[in-house]
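Descriptive structure summary
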Amino acid sequence: MDNSITIHIKKDDGSSVSIVATPQIMDDGGGMVPNGVYGLTSKSLLNIGELAFHLEDKHRWEYCGDILSDDEIEQIVLAIQKVIA
């Protein structure tokens, strides 16, 4: 099952890009569950990093990558938080 989220963000230069956030899963002994990490890809930017949410506090996160600006990643964070809330 594909639980990917497509997010349309506005880049700093004013252009738009679609980002696909794909949740990574792990086996918790009782089945496969999301682990709070999302792989970020785009057709135009390819692999653009990962976004990891703390499992206990979805408002704490860390971006691992160097392609997106703070504003661009914040747009992605807000979109994912709406889905996982």
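Residues numbered from 1 in each chain as written. Predicted model: local features only at pLDDT ≥ 70, side-chain atom pairs only at ≥ 80, totals over all residues. Heavy atoms only, no water.

1. With respect to helix α1 (residues 70-84)
Taking 1.5 Å per residue, 15 residues should reach 21 Å; α1 reaches 21 Å between its end C-alpha atoms and fits that length. Of the residues making up α1, those classed as buried are Glu72, Ile73, Ile76, Val77, Ile80 and Gln81. Down the axis of α1, the sector holding all buried residues measures 170°, keeping them to one side. Buried residues along α1 sit against β1 (5-10), β2 (16-27), β3 (32-42), β4 (46-53) and β5 (61-64). (Helix = DSSP H or I, 4+ residues; strand = E, 2+ residues; numbered from the N terminus. Expected span 1.5 Å × (residues − 1). Buried < 20%, exposed > 50% of the residue type's maximum accessible area, 1.4 Å probe, protein only. Arc of directions from axis to C-beta. Contact = heavy atoms within 4.5 Å.)

2. Considerations on the sheet that holds β4
The strand order across the open sheet formed by five strands is β1-β2-β3-β4-β5, and the pairing between neighbours is antiparallel. One side of each edge strand has no neighbouring strand; the edge strands of this open sheet are β1 and β5. Adjacent strand axes in the sheet meet at a mean angle of 30°, parallel and antiparallel pairs treated alike. Relative to β2, β1 runs antiparallel, the two being bridged by six bridges. Looking at β2, one finds that Ile5 is bridged to Ala21. Running over the sheet, α1 touches β1, β2, β3, β4 and β5 and is turned about 145° from β1. (Pairing = 2+ DSSP bridges. Axes fitted to C-alpha atoms, helices over the stretch in contact; angles between N-to-C directions.)

3. What to know about the nonpolar core
Most often, soluble globular proteins keep nonpolar side chains buried together rather than apart. Ranked by internal contacts, the top residues of the largest apolar core, which has 17 residues, are Leu40, Leu51, Leu68, Ile73, Ile76 and Ile80. Apart from residues no more than four positions distant in its own chain, Ile76 is found in contact with Ile7, Ile9, Ile19, Leu40, Leu51 and Leu68. (Core = buried A, V, L, I, M, F, W, Y, C linked by side-chain atoms within 4.5 Å.)

4. Structural notes on the pairing of β3
Summarising the sheet, β2 and β3 pair through seven bridges and their orientation is antiparallel. Of the residues in β3, the one forming a bridge with Asp27 is Met32.

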